[in-house]
Amino acid sequence: MIEVKNVFKTFFVTHEVRALVDVSTKIAAAEVIVVIGPSGSGKSTLLRCINKLETANKGRIYIDGVDILDPKTDINKVRAEVGMVFQSFNLFPHKTVFENITLAQTVVRKRSKEEAAAKAVALLEKVGIPEKADVYPDQLSGGQQQRVAIARALAMDPKVMLFDEPTSALDPEMIGEVLDVMKNLAREGMTMVVVTHEMGFAREVADRVIFMDEGAIVEVGTPEHFFTNPTHDRTKLFLSQILRP
Amino acid sequence: MNPDANLLRFKKSRTYYLSACAFFLIIVGVVLALYYSAMSIDYVWRWYRIPQYFIYLDKVEIRAEIEGEVDSITTKDAKVVIVVKGLDESESYSVPTGSVSVEESDFIYFGDVLAQYEKWRVGILIMGLWLTLKVSFVAIIFGIFIGLFAGLARISSNPALKWSAITYIELIRGSPLLVQIFIWYFVLGTLINNLLAKQGFWQIPPIWFGVAALASFSGAYVAEMVRAGIQSIHRGQTEASRSLGMTYVQSMMHVILPQALRRIIPPLAGQFISLIKDSSLLGIIAIRELTKATREVVTTSLQPFELWFVCALLYLVLTFSLSMLLQYVERRTLAQ
């Protein structure tokens, strides 16, 4: 489904920052991958490279066999198949919840108004806020906004969903409702790549967990492996810090 | 209630009223000082002469254009039709009832008055005001389009677009509008009209060079506002729309610009108000807008004091209504 091959990404802010260093991984269809790691470890960059919000400097990234770093590839077509959910929701504040979900359907997928509307209603039902269709995003709680953002991404019928710390900007009591929606998605067989600090979610839903540090993948394994006997010292240290009661 | 608080409020309101009185005293003082100084140079205020430049009763005389006999005078739909028959020609004139000064079978010479009546006409100041309004309106519309395009080009990553936009914006913002009007009229106007004449096309009247000067001038400022407006929209909005598969243009049209334009309404309003005021410079290329019209009236009426105040007041009416209108638009878009 997704293949990342020897990807390098370097930012030049004031000095050179090596965000990704020779990262390679394969993600199969219907697999749920959770990417963990300390801040600045390159996990968000990896996610953003997968739908080319950041362009990798070196290496190859294939989605469904399409080389997205090839200049001849129509990246908009690829992105339509790859849904993304952001830490700060990024809903369109000038459009209602309903319009947020129908906009890309009509503009990108060229669906009819009726078809897009039916889809939006069904998705709002799915994320549990059918009554909020006609309000503007700023009238919603953080959790509700993030659920709308998930619905907006799902409206494109993506093959993959990328989640970039979807619960990090939420108040604690709202994290659950978003995670529930994500768990349901995982159960339905959606291919998901989730960057998160929610270890409970990783343990419960993930097929594999990727631990990254300093731009490189340190360790990959099942949740059982990770939370019972991680191999690397760096992983142990991180988990002990994050799982401290 | 706490008596101290009441006392405090009383104190506050007393200073408030005192200041209000001071304000009105200042206004009255300025007016009186002006009036007094005008008196001391023997200026005679003749406000009653001003209304005729807004609207006046014009005497209209209908004169015969041929020689002959009045053949018939018939009333038709509140109009009177006079038919004059000459040797081998006949003419008919349609005039309002009650204005006819000839009778049937009168012999008419060329240029004789057939009818005379009075008609209300708009004065030169109103015509000037109307022209100012028209010129400003057209310039604003063009300015918006130029500004939108140049603003988008300004943030484009294509160097041809970007550098052209920067050159345009810097050239316009770095030179006086008066000079730009001269260049448009005397340089570009001459070139364009001569080229057109050589090709046998029609000529562009000066007013369009004036409009072009104003539009290109405000376009440069609008472009900077558009750029700032777009850049003020959070990066996440672009990322979200692009991640859904929208192209750059789709993302701009549906997501970024609607939000950016809403944000730039207030500075845009200020720009358009100064555009209306700047249109007063167009008088120098023989466009008879409000200021030029006032200047002409001043030379004929010799009442400069009244007329220049009236002129300023008319501009104030225009700018104030525009600012009210845009405030209304802003409130409506913010309320969604």
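Report follows, based on the coordinates. (Residues numbered from 1 in each chain as written. Chains lettered and ligands numbered in written order. Predicted model: local features only at pLDDT ≥ 70, side-chain atom pairs only at ≥ 80, totals over all residues. Heavy atoms only, no water.)

1. Side note on the overall build of chain B
Let me state the cut-off plainly: Only DSSP runs of H or I with at least four residues qualify as helices, and only runs of E with at least two residues qualify as strands; both kinds are numbered from the N terminus onward. C-alpha atoms define the radius of gyration, and 2.2 Å times the number of residues to the power 0.38 defines the globule rule. For each residue, the accessible area found with a 1.4 Å probe, counting protein chains only, is set against the maximum for its type, and the residue is called buried under 20%, exposed over 50%, and partly exposed in between. Whether two residues are in contact is decided by their heavy atoms: any pair within 4.5 Å suffices. Here the open area of atoms and residues is found with the Shrake-Rupley method and a 1.4 Å probe, where only the protein chains shown may cover a residue.
Check the secondary structure of chain B and you find nine helices and six strands. Whereas a compact globule of 336 residues would reach a radius of gyration of roughly 20 Å, chain B reaches 30 Å, over 25% beyond that. Referenced to the eigenvectors of the C-alpha coordinate spread, the extents of chain B come out at roughly 90 × 75 × 45 Å. A burial count over chain B gives 36% of its 336 residues as buried. Sequence-distant contacts, at least 24 apart, represent 69% of the contacts inside chain B between residues at least 6 apart. When the accessible surface of chain B is totalled, it reaches about 20300 Å², and 66% of it is carbon and sulfur.

2. Digging into the interface of chain A and chain B
Stated formally: Accessible area that two parts lose when put together, with a 1.4 Å probe and added across both, is what the buried area reports. Only one rule defines a salt bridge in this text: a Lys or Arg side-chain nitrogen within 4 Å of an Asp or Glu carboxyl oxygen. Two N or O atoms count as a polar contact when they lie within 3.5 Å, although within protein this holds only if one can serve as hydrogen donor and the other as acceptor, and sequence-adjacent residues are included solely when both atoms are side-chain atoms. Charged means Asp, Glu, Lys or Arg here, nonpolar means Ala, Val, Leu, Ile, Met, Phe, Trp, Tyr, Cys or Pro, and polar covers whatever is left, Gly included.
Each partner contributes residues to the interface: chain A has 24 residues there, and chain B has 20 residues. Contact between chain A and chain B buries roughly 1900 Å² in total, counting both sides, with carbon and sulfur atoms accounting for 58%. Area buried by chain A at its contact with chain B is led by A:N76, A:F92 and A:H94, which between them contribute 28% of it. On the surface where chain A and chain B come into contact, there are one salt bridge. In this assembly, chain A and chain B are joined by seven residue pairs in polar contact (both at pLDDT 80 or more). Looking at the side of chain A that touches chain B, the elements that each hand over two or more residues are α2 (75-81), β6 (82-85), α3 (97-107) and α5 (142-154) of chain A. Looking at side-chain class alone, the side of chain A that touches chain B contains 15 nonpolar, four polar and five charged residues.

3. Let's talk about helix α5 (residues 206-232) of chain B
Keep this limit in mind: One less than the number of residues in a helix, times 1.5 Å, gives the span that helix is expected to have.
With 27 residues, α5(B) extends 39 Å between its outermost C-alpha atoms, agreeing within 8% with the 39 Å of an ideal straight helix rising 1.5 Å per residue. Counting buried positions along α5(B) gives 19 out of 27 residues, so the element sits mostly inside the fold.

4. Re the sheet that holds strand β4 (residues 58-63) of chain A
Residue and element names in this part refer to chain A. Where we set the bar: If DSSP finds at least two bridges between two strands, the strands pair. Helix axes are fitted to C-alpha atoms over the stretch in contact, other axes to C-alpha atoms as well, and angles between N-to-C directions run from 0 to 180 degrees.
Strand order in the open sheet formed by four strands is β2-β1-β4-β5, and the pairing between neighbours is antiparallel. Unpaired on one side and paired on the other, β2 (16-27) and β5 (66-67) mark the two borders of the sheet. Pairing analysis gives two bridges linking β4 to β5, with the strands arranged antiparallel. Bridging from a neighbouring strand, I63 pairs with V66 of β5. In the packing of helix α1 (residues 43-50) onto the sheet, contacts are made with β1 (2-12), β2 and β4, and the angle to β1 comes to roughly 115°.

5. Brief notes about the side chain of A:K95
The following threshold applies: In this tally Asp and Glu are treated as negative and Lys and Arg as positive; neither His nor the chain ends contributes.
Among the secondary structure elements, A:K95 is positioned in the loop between β6 and α3. With no salt bridge to any partner, buried A:K95 finds its closest opposite charge in A:E99, at an N-O distance of 5.0 Å. Here A:K95 is in contact with A:N100, A:L103, A:Y136, A:P137 and B:H254, once residues within four sequence places are set aside.

6. Quick look at a nonpolar patch on the surface
Inclusion rule: Residues qualify for a patch when their relative accessible area is over 30% and they have no salt bridge, like charges being joined within 9 Å and the nonpolar side chains of Val, Leu, Ile, Met, Phe, Trp and Tyr within 5 Å.
Taken together, the side chains of B:L178, B:V179, B:F182, B:I183, B:F186, B:V187, B:L191, B:I192 and B:I284 define a hydrophobic patch exposed on the protein surface, amounting to about 700 Å² of accessible area. Position of B:V187 relative to the elements: it lies in helix α4 (residues 177-199).

7. Some thoughts on the pattern of salt bridges
Residue and element names in this part refer to chain A. Scanning the entire structure with this criterion turns up 23 salt bridges over all chains. E81 serves as the salt-bridge partner of R109, at 3.4 Å between the closest nitrogen and oxygen. Note that R109 is positioned in the loop between α3 and α4 (113-126) and E81 in helix α2, a separation of 28 residues in sequence. For R109, a relative accessible area of 27% gives the class partly exposed.

8. Some remarks on the sheet that holds strand β10 (residues 216-221) of chain A
Consider a sheet: its strands pair through backbone hydrogen bonds, and that pairing is either parallel or antiparallel. All names here are of chain A. Taken in spatial order, the six strands line up as β6-β7-β8-β3-β9-β10 in an open sheet, and their pairing is mixed. Of all the strands in the sheet, just β6 and β10 have a single pairing partner and so form its edges. Averaged over all pairs of adjacent strands, the angle between their axes in this sheet comes to 20°, without regard to strand direction. Summarising the sheet, β6 and strand β7 (residues 160-164) pair through four bridges and their orientation is parallel.

9. Some points on the packing of aromatic side chains
What counts is decided by this rule: Only rings of Phe, Tyr and Trp enter the pairing, Trp through its six-membered ring, and a pair is recorded when the two centres are within 6.5 Å. The plane angle decides the type: under 30 degrees is stacked, over 60 is edge-to-face, the rest tilted. In this scheme, the term charge over a ring applies when either NZ of a lysine or CZ of an arginine sits within 6 Å of the ring centre and within 35 degrees of the ring normal.
Tallying each qualifying case throughout the model produces 12 aromatic pairs over all chains. Between B:Y43 and B:F305 the ring centres are 3.9 Å apart and the planes differ by 15°, which places this aromatic pair in the stacked class. Of this pair, B:Y43 sits in the loop between α1 (3-40) and β1 (55-63) while B:F305 is found in helix α9 (residues 304-335), placing the two residues 262 residues apart along the sequence. By relative accessible area, which is 15% here, B:Y43 ends up buried. The exposure class assigned to B:F305 is partly exposed, which follows from its relative accessible area of 31%. An aromatic cluster is built from B:Y43, B:W45, B:W47 and B:F305, whose rings are joined through pairwise contacts. In this arrangement the basic side chain of A:R152 is found over the ring face of A:F92, its NZ or CZ atom lying 4.5 Å from the centre. If you follow A:R203 out to its NZ or CZ, it ends over the ring of A:F227, 4.7 Å from the centre.

Just distances and angles here, no functional claims.
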